[in-house]
Every structure is written in C-alpha cells, then in structure tokens.
Amino acid sequence: MRIVNNEQDIKHIDSKYDMITKNTNGICIYQEEVMQLGNAYGLTLEESYKLMKLLSKKQIEKIKEMKEQFYEKARAIGTKDSIIDEVYAVIENAGKYSFNASHAVSYGIITYLSAWLKYHYPLYYMANLLTDAYISKKDDKKIEAIVNDCRRLGIRFMQVNANESNWEFSVKDNKIQIGLCAIKSFGEIAAKSLIKNRPYNDVSDIIKVYTLKGSKINKKSLTALILSDAFNYLDVSYDSIFYEMAYTKATKTQQANGDFVIESSLKISSSCELSSEIEDKIRESELLRANYLFYAGSDITPVRFDTIKTGSVFTAVLCISSVKAINDRNGNRMAFVKFATRTESFDGIVFSSLYATVKKAVKANTVVKITAKKDKSDSCIVQSLTKAG
C-alpha cells in the first residue's frame, strides 16, 4: 500500500525480475511469479514448481538442494551473484505465503461482494450467515461470533415461532427471525412436517400434527420445539402441552385412570437435560447454541464504544458474553473477555494482576461495572471490575 500511495518506490533488481513483477509493483505475490522467476533464471518450469512447493511446505533439506541448483543454473546464464542473492531471497520469502493468482482473484471478489452485501443488506447477509453456520458448520464459536457481530450492528432477533419461522433464518419487521435449523434435536424433515401442517392456533393443532399419520414430528422433536418457545404466541403453559402429548399417546384405560407419565424434559447431551424449569437464558443457550433474546446484556444501554477515543479511559456497565482464560508469559492466569450491551460487543483484556482479584466475577452472562482504557478500535484494557447491582 505504501507503493500504491506513492510513499515508497518500487524496488528494481534487474530487467527480468522487473518484467515478471511489473503488475504487482515489484513485489512477488503469486505462485505463478515464483515459478516464472525460477524459470527466468535458469530452472525449468517443472523445477520452479518443485521449488515453490518445497518452500510452501518448509522442507528445509530439499530446499537447500534446490537453492544450490538455482545458483548453478542462474550463473550458467550469466547472472551476477548479487542479483541471484536478491532474486532467491524474494523467491524464498514469497514461497512461504504466496498462493496462485486465480485463488487471489476469487477470494478478492468474494471479499468485495461479502463486504458490499454486509454494508448494504446487513439483515439478509447476517441471516444467511447464521443459516450457513448452523446447517454447514455447526460451530458454536462461529455462531457466537456472528451473534455478537449482529449486536454490534444493532440487529435484533425474533424468537422461534411455529407458525412463522422457516427452516432457515429469515428477515421480518426489520429483525432476524431465528430459523428452525437452530434448534437442537429438531431436524429438517420434522421442520417440513411442521410447515406443511400450519397453522397452529391452539393446543389441539399441535397434538394433531404430533399424532398425524406420516408426520415426522416425534416426541423428542416436539419437546425441543416447545422448549425453544416456538408456541409462546399461544399463551399456554408448557405443562398443558406436555400433558396433552402424554394423554393422547396413552391407552383408553390409562386415560380414564390418569395413569400415564408426563415427560417434559429433553436430554440433548450426556451432561445436559433441559426442562421448562431451567432458566430461560440457559435453556436458550443450550438448545439454540447461543443467546439471542435471553442474555444478561439485553437490557444494558449501549456505551457507543465506537465513539470513545482510543487512549481514553471510560466507565461502563456491561455484560460479559464470553471468557477465555489463559496463562501469560509468566504462567499467571489472565483473561480475554467479550463485553456486550443491547446492540454492541467489543473485546476486553484482564491482565493477571487484576484477574487474580476479580476472577470470580469474570464469568459469562454476568453484568459488571468496569473502568477501562480503549486501546484499539474494538478492544480495551480493563483497569477495574466489579459485579454490578
């Protein structure tokens, strides 16, 4: 960029080098350039390709052999050692990071289009990003990062709704509606049955799709749907739906005697069983892999971190959305923290000297009051921290 901005001159080595790198301002960027340089100074294209691959894989011993071969062939065509030294140094360094030009163009186009879509259509872009994270990746950390980015952009969410949610995340009323794909233990086949048999205007409609011949909604998937708050719009209790589910599957004798078991919990892993008794934010986090509506920062007024000058000290009430504790160079524990408000998130660093005294308060979904110094556009160094309220 310094060359593009006329802050630095293009480096000239010799005419062959300059010709090959003229389109990249005298800097060897692409693998094709590495191969062309090798070939221009005496190696065959096959040998140049081999050298490029060895450099990218850091095969030291074989690289030494190829270096000797490069010098020998470059000298044979009359190249001065000083030029060979400079060209080989460029090849060696470029081989460690360069990739082919077609990939560079592809990545560049994708990056440009992604940035354009995110800027002009943030709701649709982030909704599709979340859908992909659930359907293709199922990566909890990636999902958390996208949700935090949504908060930073001021994007709000609508809860799962049995009558309105699609399998994918969607946009409605200037918000992102959570897709059915986000619910653990609720698959796409069950979602198709749910969508096909809409609407669900009362409990009897729910039981109808549950007992319908050919329906793919079984007890586990319906329990997951209920615990995800997908029927909250009906204003009926969880218990009433679970009762009807058990009643309709019981025999006539069991129904008459009330002798049937009402099951209202969902085991989603060996260590996690959810029920309506579980706190909303924990149930949402476990069932949807992230907190969309129920998190400690949902009622916290934004601090407008982007308007705080770098180097300034500020005090704020924030929610800790995630914590990563590590050992510093001296073996002492410190933490990288993600802070959140209703519409934003940013990073914080709690160094070991402070972390030792406040670590009991440094936990996810905890509201804290901090004094911190903004050190970068998206992070701060925490100077003091206490639990709020």
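No experiment lies behind these values; they were computed from the predicted model shown.

J.: Mind showing me how you'd approach the overall build of the protein chain here?
T.: The number of helices and strands found in the protein chain is 15 helices and ten strands. Radius of gyration (C-alpha) of the protein chain: 30 Å, far over the 21 Å computed for a compact globule of 389 residues. Along the longest, intermediate and shortest principal axes, the C-alpha atoms of the protein chain span 100 × 55 × 40 Å. Surface exposure of the protein chain reaches about 22,000 Å², of which carbon and sulfur atoms provide 50%. Within the protein chain, one finds 55 positive and 46 negative side-chain charges whose respective centroids are separated by 2 Å.

J.: Can you walk me through the nonpolar core in this structure?
T.: Across soluble globular proteins, nonpolar side chains show a tendency to be buried alongside one another. In this structure, Tyr134, Phe169, Phe231 and Tyr292 are the most contacted members of the largest nonpolar core, which totals 54 residues. Tallying contributions element by element places helix 7 (residues 122-137) first for this core, with seven residues. Excluding its chain neighbours within four sequence positions, the residues that come into contact with Tyr292 are Leu130, Tyr134, Ile143, Val147, Arg151, Phe157, Phe169, Ile178 and Glu284. The next biggest cluster of nonpolar side chains, apart from the first, holds 25 residues, and it includes Met35, Ile63, Met66 and Tyr71.

J.: What exactly am I supposed to notice about the pattern of salt bridges here?
T.: A pair can form between side chains of opposite charge whenever their charged atoms are brought close. Enumeration over the complete set of coordinates arrives at eleven salt bridges. One salt bridge in this structure joins Lys11 and Glu86, with 3.4 Å as the shortest N-O distance. Here Lys11, found in the segment before helix 1 (15-20), pairs with Glu86, found in helix 5 (residues 81-97); they are 75 residues apart in sequence, far enough to count as distant. The class of Glu86 is partly exposed, set by a relative accessible area of 30%.

J.: Would you mind showing me how to read empty space enclosed by the protein here?
T.: Under the definition given, this model contains one cavity of 30 Å³ or more. Within this model, the largest cavity holds a volume of roughly 90 Å³. Along the wall of the largest cavity there are 13 residues; nearest its centre are Ser228, Asp229, Glu284, Leu288 and Phe294. Residues of the lining of the largest cavity, tallied by class, amount to seven nonpolar, two polar and four charged.

J.: Could you clarify how one ought to interpret the sheet that holds strand 2 (residues 170-172) in this entry?
T.: Pairing between sheet strands relies on hydrogen bonds along the backbone, with the strands arranged either parallel or antiparallel. Across the sheet, three strands lie side by side as 1-3-2; this open sheet has mixed pairing. Looking at strand neighbours, the two that pair on one side only are strand 1 (157-158) and strand 2, the edges of this open sheet.

J.: So what exactly am I meant to see when it comes to helix 2 (residues 31-40) here?
T.: Because an α-helix completes one turn every 3.6 residues, residues spaced three or four positions apart along the sequence face the same direction. Within helix 2, burial applies to Gln31, Glu33, Val34, Met35, Leu37 and Gly38. Those residues of helix 2 that are buried lie in contact with helix 1, helix 3 (45-56), helix 4 (60-76) and helix 5.

J.: Just checking my understanding: could you explain the pairing of strand 7 (residues 333-340) for this structure?
T.: Side chains on a regular strand alternate between the two faces of the sheet. Here strand 6 (residues 313-327) pairs with strand 7 via eight bridges, running antiparallel. When the bridges of strand 7 are listed, Ile320 appears paired with Phe339. Bridge count for strand 7 against strand 8 (residues 345-350) is six bridges, and the pairing is antiparallel. Residue pairing for strand 8: Phe336 is matched across the bridge by Ile349. Hairpin remark: strand 7 followed by strand 8, antiparallel, with four residues in the connecting loop.

J.: How do you make sense of the packing of helix 2 against helix 3 when you look at a structure like this?
T.: Between two packed helices, both the angle of their axes relative to each other and the distance between the axes serve to describe the pair. Between helix 2 and helix 3, the shortest axis-to-axis distance is 8 Å and the interhelical angle comes to 130°. Comparing their axes, helix 3 and helix 2 come out oblique. In terms of crossing hand, the pair formed by helix 2 and helix 3 is right-handed. Residue-level inspection shows Gln31, Val34, Met35, Gly38 and Asn39 of helix 2 in contact with helix 3, the latter providing Leu45, Ser48, Tyr49 and Met52.

J.: When you look at a positive patch on the surface in this model, what are you seeing that I'm missing?
T.: Taken together, Arg333, Lys359, Lys360, Lys363 and Lys387 make up a surface patch of like positive charges. One can find Arg333 in strand 7. Since its relative accessible area comes to 43%, Arg333 is described here as partly exposed.

J.: Mind showing me how you'd approach the environment of Asp299 here?
T.: Summarising the element assignment, Asp299 is placed in the loop between helix 14 (280-288) and strand 6. Relative accessible area serves as the criterion here: at 70%, Asp299 is assigned to the exposed category. Residues Asp299 and Val317, spaced 18 residues apart in sequence, show a C-alpha to C-alpha distance of 11 Å.

J.: Can you walk me through a nonpolar patch on the surface in this structure?
T.: Where nonpolar side chains cluster on the molecular surface, the patch consists of Val105, Ile109, Tyr112, Leu113, Trp116, Leu117, Tyr121 and Tyr124 and spans about 860 Å² of accessible area. The biggest single contributor to the nonpolar patch is helix 6 (residues 101-120), with six residues. If you trace the backbone, Leu113 turns up in helix 6. Classification of Leu113 by relative accessible area gives partly exposed; the value is 46%.

J.: Where do I start with the sheet that holds strand 7 in this structure?
T.: Pairing is mixed in the closed barrel, where five strands are placed in the order 6-7-8-10-9. Averaged over all pairs of adjacent strands, the angle between their axes in this sheet comes to 50°, without regard to strand direction. Together, strand 6, strand 7 and strand 8 form the strand contacts of helix 8 (residues 140-152), whose direction differs from that of strand 6 by roughly 170°.

J.: Would you explain unusual backbone geometry in this entry?
T.: Cis geometry is found at the peptide bond from Arg198 to Pro199, where omega equals 5°. The topology assignment puts Pro199 in the loop between helix 9 (188-196) and helix 10 (203-211). In this structure, Asp229 takes a positive phi of about 75° despite not being glycine. Within the secondary structure layout, Asp229 lies in the loop between helix 11 (219-227) and helix 12 (238-249).

What counts and what doesn't
Residues numbered from 1 in each chain as written. Predicted model: local features only at pLDDT ≥ 70, side-chain atom pairs only at ≥ 80, totals over all residues. Heavy atoms only, no water. Helix = DSSP H or I, 4+ residues; strand = E, 2+ residues; numbered from the N terminus. Rg over C-alpha atoms; globule rule 2.2 N^0.38 Å. Areas by Shrake-Rupley, 256 points an atom, 1.4 Å probe, with all protein chains shown as cover. Lys, Arg positive; Asp, Glu negative; His and termini not counted. Charge placed at Lys NZ, Arg CZ, Asp CG, Glu CD. Core = buried A, V, L, I, M, F, W, Y, C linked by side-chain atoms within 4.5 Å. Buried < 20%, exposed > 50% of the residue type's maximum accessible area, 1.4 Å probe, protein only. Contact = heavy atoms within 4.5 Å. Salt bridge = Lys/Arg side-chain N within 4 Å of Asp/Glu carboxyl O. 1 Å grid on protein atoms, 1.4 Å probe; cavity = no way out; pocket = protein on both sides within 12 Å on 5 of 7 lines; lining within 4 Å. Points joined across faces, edges and corners; volume = space filled by probe spheres on them. Nonpolar A, V, L, I, M, F, W, Y, C, P; charged D, E, K, R; others polar. Pairing = 2+ DSSP bridges. Axes fitted to C-alpha atoms, helices over the stretch in contact; angles between N-to-C directions. Parallel < 35°, antiparallel > 145°, perpendicular 65-115°, else oblique. Left-handed = near helix turned anticlockwise from the far one by under 90°. Patch = residues over 30% accessible without salt bridge, like charges linked within 9 Å, V, L, I, M, F, W, Y side chains within 5 Å.

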